[in-house]
Amino acid sequence: MPLTTQQIGDLQKSIIGYAFPPVYFDFTNNMEIHAGSIAEVEARIRTLLTSSNTQEIEHGLANVIYWGNANAGYQMHRVMEFRKHITQSQLQEFQALVSGGKIPTLINILKLKMPQFSGISFVSKIIAFLDPVNYCVLDLLLSRLNGINHSKALSTLKFTTQIGVTSSNSLVYYSWCKECIAISHRYYGGAYRAIDIERGFFNLIQGGNLSLAQKIYSAA
């Protein structure tokens, strides 16, 4: 069964209402920046991640952690752990992965063994910041969509306290991204990016509407 008009509207309302804190950190001036929009955060972090300067790349990766932990009490601890243990060679290898506009795979990034980037939750955030049109995030909150419709990508996701970057989970991730793109094209004329559809589901679950999110995902 395709989505009902009500479900299409509910997901769209959630996409528009997505309100994760639009913040990033200016490490040069040691201050949090409250951006005017999530689009501004995306643009800033993408610029840093794709910089020719490894110091800026470090700031970009640290900001993926900073933004991703915006609602967590251990936000700065995770950021400082990353900055303390990241090596110059890891930054140079990451720079090579993204040079010329290339989008690295989950496995590519995992192989760098960068601190704080061992699971799909945060590795996928890097990819989503690099190309939010075609890729999105997959974290433990979104993993709760699984289990209703066994033909959907997330139904085969394997995880415990973390979603491991395995070959099978990688396939699930890329299928999930494609599902989000397909939902945009089928129901919204392609108006939304993969990241926007994902954020719509995230917002529903975070807002206490897991059952609705599951029903929409299952039917879409």
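All figures in this text were calculated on a predicted structure; none of them were measured in a lab.

The secondary structure content of the chain amounts to 10 helices and 2 strands. Mapped from its N terminus to its C terminus, the chain presents α and β elements in the order α-β-β-α-α-α-α-α-α-α-α-α. Computed over C-alpha atoms, the radius of gyration of the chain comes to 17 Å, within 12% of the 17 Å expected from 2.2 N^0.38 for 220 residues, which places it in the range of a compact globule. Principal-axis analysis of the C-alpha atoms places the extent of the chain at approximately 50 × 35 × 35 Å. Considering only intrachain contacts with a sequence separation of at least 6, the fraction spanning at least 24 residues in the chain is 61%.

With that settled, consider empty space enclosed by the protein. Counted by the stated rule, this structure contains 1 cavity of 30 Å³ or more. Its boundaries defined by the atoms lining it, the largest cavity holds a volume of some 50 Å³. Around the largest cavity sit Glu42, Trp67, Lys125, Ala128, Phe129, Pro132, Val137, Ile195 and Arg199, which together line it. At the level of secondary structure, the elements contributing two or more residues to the lining of the largest cavity comprise α7 (120-130) and α9 (194-206). Tallying contributions element by element places α7 first for the lining of the largest cavity, with 3 residues. Of the residues contributing to the lining of the largest cavity, the split by class is 6 nonpolar, no polar and 3 charged.

For the structure shown, the criterion picks out 13 aromatic pairs. Here the aromatic rings of Tyr18 and Phe202 are separated by 6.4 Å at their centres, their planes lie at 70°, and the arrangement is edge-to-face. Separated by 184 residues along the polypeptide, Tyr18 in the loop between α1 (5-17) and β1 (23-26) and Phe202 in helix α9 bring together distant segments of the chain. Here the two residues Tyr18 and Phe202 agree in accessibility, since each one is buried. Where Phe201 meets Tyr217, the ring centres are 5.9 Å apart and the plane angle is 85°; that geometry is what we call edge-to-face. Of the two residues, Phe201 sits in helix α9 while Tyr217 sits in helix α10 (residues 210-219), which places them 16 residues apart along the sequence. An aromatic cluster of at least three residues, connected via ring pairs, comprises Tyr18, Phe20, Trp67, Phe129 and Phe202. Taking the ring centre of Phe122 as reference, the NZ or CZ of Lys125 above it sits at 4.3 Å. Lys152 extends its terminal NZ or CZ atom over the ring of Tyr217, reaching a point 5.1 Å from the ring centre.

Attention now goes to unusual backbone geometry. Unusually for a residue other than glycine, Asn30 sits at a positive phi of about 55°. By secondary structure assignment, the location of Asn30 is in the loop between β1 and β2 (31-34). A residue is classified by how much of its surface remains accessible, and Asn30, at 61% relative accessible area, is exposed. Of note in the backbone geometry, Gln116 takes a positive phi value of approximately 75° without being a glycine.

Moving on to the nonpolar core. Residues Leu61, Phe117, Trp176 and Phe201 are the most contacted members of the largest nonpolar core, which totals 72 residues. Ignoring sequence-local partners within four residues, the contact set of Phe201 consists of Leu11, Leu142, Leu145, Trp176, Ile183, Ala213, Ile216 and Tyr217.

With 22 residues, helix α8 (residues 167-188) should cover 32 Å at 1.5 Å per step; its first-to-last C-alpha distance of 31 Å lies within 8% of that length. Residues Asn169, Ser170, Val172, Tyr173, Trp176, Cys177, Glu179, Cys180, Ile183, Ser184, Tyr187 and Tyr188 constitute the buried set of α8. On its buried side, α8 packs onto α1, α6 (106-110), α7, α9 and α10. Positive phi shows up at Gly189, right after α8, with a value of about 60°.

Conventions we followed
- Throughout this document, residue positions are counted from 1 along each chain, in the order its sequence is written.
- In keeping with the model being predicted, local features are shown solely for residues with a pLDDT of at least 70 and side-chain atom pairs are shown and tallied solely at 80 or more, while totals for entire chains, interfaces and linings include all residues.
- The side-chain values count all of the structure's non-hydrogen atoms but skip hydrogen atoms and water molecules.
- A run of DSSP states H or I qualifies as a helix once it reaches four residues; a run of E qualifies as a strand once it reaches two. Both are numbered from the N-terminal end.
- Computation of the radius of gyration draws on C-alpha atoms, with the globule rule given as 2.2 Å multiplied by the number of residues to the power 0.38.
- Contacts are assigned to residue pairs with any non-hydrogen atoms lying within 4.5 Å of each other.
- We place a 1 Å grid over just the protein atoms. Points where a 1.4 Å probe fits but has no way out form a cavity, open points with protein on both sides within 12 Å along at least 5 of 7 lines form a pocket, and any residue with an atom within 4 Å of a point lines it.
- Grid points are joined across faces, edges and corners, and a volume is the space filled by probe spheres set on the points.
- Charged means Asp, Glu, Lys or Arg here, nonpolar means Ala, Val, Leu, Ile, Met, Phe, Trp, Tyr, Cys or Pro, and polar covers whatever is left, Gly included.
- Two aromatic rings from Phe, Tyr or Trp, using only the six-membered ring of Trp, form a pair when their centres are within 6.5 Å; if the ring planes differ by under 30 degrees the pair is stacked, by over 60 it is edge-to-face, and anything between is tilted.
- Buried, partly exposed and exposed residues are distinguished by accessible area as a fraction of the type maximum, computed with a 1.4 Å probe on protein chains only: under 20%, between the cut-offs, and over 50%, respectively.
- Lysine and arginine charges are scored as sitting over a ring when NZ or CZ, respectively, is within 6 Å of the ring centre and within 35 degrees of the ring normal.
- Grouping buried Ala, Val, Leu, Ile, Met, Phe, Trp, Tyr and Cys residues that are joined through side-chain atoms within 4.5 Å yields what is termed a nonpolar core.
- Multiply 1.5 Å by the residue count of a helix minus one, and that product is the helix's expected span.

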